[in-house]
Amino acid sequence: MNGIFAKRRARLLAMKAIRDNYIPGDQLAACPKCGGESQRKDVAGNLSVCPLCGYHFPIGAYYRLSTILDPGSFRELNEKLPAADPLSFPGYREKQREAQRKTGLTEAAVTATGTVGGRRCVVGVLDSRYMCGSMSAAVGEKITLAIEYAMKNKLPLVLFSASGGARMQEGILSLMQMAKTSAALARFSEKGLLYISVLTDPTTGGVTASFASLGDIILAEPGALIGFAGPRVIQQTIGETLPEGFQRAEYQEEHGFVDAVVPRQELRDTLARLLRLHEKGGRP
Amino acid sequence: MSKRTAAERVALARHPQRPNITDYIDALFTDFFEQKGDRLCREDPAILGGIALYHGRPVTVVGTRKGKTAEESIRCNFGMPGPEGYRKALRLMRQAEKFRRPVFTFIDTSGAYPGLEAEARGQGEAIARNLMEMSRLTVPVLSVITGEGNSGGALALAVADRMLMLENAVYAILSPEGFASILWRDAGRHEEACELMKLTAPDLLAMGVADDVIPEPGGGAHLAPEQTFRELDRALSRHLAPLLKESGPVLAEKRWQKFRKMGASPKEEA
């Protein structure tokens, strides 16, 4: 019986993942970094990485999960947690509906349990296509519930960040999610459990200043923009142009804020290895 | 409490004559000893902190510092801390825990400094670390927003058991100008933003983000500072007393429960 459900889950995730692995353009996909054009199917078949220059296209949450989790192991957590409008902000409901239509998501975070290299863990993913992956009360709540689920079941936690920062339309409650998720991680950490944070393009603002920066291990995808203040704001503040590569994953690695920059093709194996290294005895 | 528009309160919160952290320290505490430096990189004058006596009890005081004169303002970077400031704050709070001193934080900042060096030294990491560690402190933590409390730069000192706000203080994800410029690409619409953001003390009290609002004299705290200090002192004493009776782990657990509820059932908050 388990087999049937596993198959069904695998099919469900595969379907959602196909929709998420969409790269704009007809036959050819243009890379925003090198400008080179590649066959769309070549890009899609390469985990949405430009075959010419290695640029990592942003990817949707379900596709991300399908690239990380063992087939058939995916089980979504709190799938139905609704989007909210705590300040009754003008025009916000419409914006949410538009984002939902565009992405097929209910909010900017998807959380799930599954196995990576045969080891069970909890995985959360922010989706930058949904209102820039910004932190709403629902996103903060989903992440917190995922942390609590991992804590209760003594499972390692992996969070993929991709966020423009706070959700403006939710005001102070968006800010409070930074405190809530960080406090949840403090309790999680006290239990001796592992949290791996993976920073993807872009990770900025309130997400950088909370759970994204609190991993026992912090990984980043090549070229990802990672910072608290965005480059435009910094440029306006200091009135000079920013150095090449500023706030990119490689810069953050050099400045001591990232353990390793890991290409998308190697992420699953790297995570599997890290999970193994945190098991008693580290047996292979 | 007086009726004012949110934009009027923002203007009062930023009033150049409004009392700053040094005024509060002089008025509410005795025997203040300033502690400098994060022990890692440098001293950040945008954060002021140290040990003092509060009604005879040793406490740790930390807060953002806006200057009064032009020279002082520049030295304090207009109250916008860098990562070194937040790391100093964390150092002092850990020390407070070691010596079982309650922590008082005073917040008046337009936000964490968005500069190149601040980024290079991990502004985001410094704020995140403070949020995480403050949530687990086993001594009482009381925070007061005295003027503006903007963004993660304010929150990094505000994971508290009790959050107090002066009547005309404001607390928000970012400045109304920044809000308007991000949402409508027009910083000129900041007054409209003020009303929508729900950033005034009464708004935040209603949302459960603030626990108490300290009345200010008509016209604002700067017109009768002594009266404001008296009101604030009374409120701080009132809030500190029950916290002193709790054990450390219970304090940390209740603080967690308080933040756990924030936006937990978003539907009912509307």
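Residues numbered from 1 in each chain as written. Chains lettered and ligands numbered in written order. Predicted model: local features only at pLDDT ≥ 70, side-chain atom pairs only at ≥ 80, totals over all residues. Heavy atoms only, no water.

Asker: Help me out: how do you make sense of the overall build of chain A in this one?
Answerer: A tally of helices and strands in chain A yields 10 helices and nine strands. If one aligns the C-alpha atoms of chain A with their principal axes, the spans along those axes are about 60 × 45 × 40 Å. The 284 residues of chain A split such that 57% are buried. Residue pairs in contact within chain A that sit at least 24 positions apart in sequence constitute 68% of those at least 6 positions apart. By element, 52% of the accessible surface of chain A is carried by carbon and sulfur atoms, the whole surface being about 12,000 Å². Placing the 35 positive and 28 negative side-chain charges of chain A at their respective mean positions leaves the two points 9 Å apart. (Helix = DSSP H or I, 4+ residues; strand = E, 2+ residues; numbered from the N terminus. Buried < 20%, exposed > 50% of the residue type's maximum accessible area, 1.4 Å probe, protein only. Contact = heavy atoms within 4.5 Å. Areas by Shrake-Rupley, 256 points an atom, 1.4 Å probe, with all protein chains shown as cover. Lys, Arg positive; Asp, Glu negative; His and termini not counted. Charge placed at Lys NZ, Arg CZ, Asp CG, Glu CD.)

Asker: Where do I start with the overall build of chain B in this structure?
Answerer: Within chain B, the secondary structure is distributed over 13 helices and eight strands. In terms of overall dimensions, chain B is globule-like: its C-alpha atoms have a radius of gyration of 17 Å, near the 18 Å expected for 270 residues. Each principal axis of the C-alpha atoms in chain B carries an extent, and together these give about 50 × 40 × 40 Å. For chain B, the share of sequence-separated contacts (at least 6 apart) that also reach a separation of at least 24 residues comes to 72%. Treating the 37 positive side-chain charges of chain B as one cloud and the 36 negative ones as another, the clouds have centres 5 Å apart. (Rg over C-alpha atoms; globule rule 2.2 N^0.38 Å.)

Asker: Is there a simple way to explain the interface of chain B and chain A in this structure?
Answerer: Many structure descriptions define interface size as the accessible area lost when the parts assemble. Contacts between chain B and chain A engage 48 residues on the former and 53 residues on the latter. Here chain B and chain A share an interface that buries about 4,300 Å² over both sides, 73% of which is from carbon and sulfur atoms. Here chain B is connected to chain A by three salt bridges. Taking the shortest distance from any N to any O, the salt bridge between B:Arg260 and A:Glu148 comes out at 2.8 Å. In terms of residues, the side of chain B that touches chain A owes the most to one element, helix H6 (residues 123-134) of chain B, which gives eight residues. Class assignment for the residues of the side of chain B that touches chain A results in 30 nonpolar, eight polar and 10 charged. (Buried area = accessible area lost by both parts, 1.4 Å probe. Salt bridge = Lys/Arg side-chain N within 4 Å of Asp/Glu carboxyl O. Nonpolar A, V, L, I, M, F, W, Y, C, P; charged D, E, K, R; others polar.)

Asker: Sorry, what's going on with the confidence of the model for chain B here?
Answerer: Residue and element names in this part refer to chain B. Taken residue by residue, chain B gives an average pLDDT of 95. The fraction at 70 or more is 97%. In the predicted structure, residues 266-270 sits below a pLDDT of 50 and forms nine contacts with residues beyond four places in sequence or in another chain. Note on the complex model: pTM 0.96, ipTM 0.96. (pLDDT = per-residue confidence, 0-100.)

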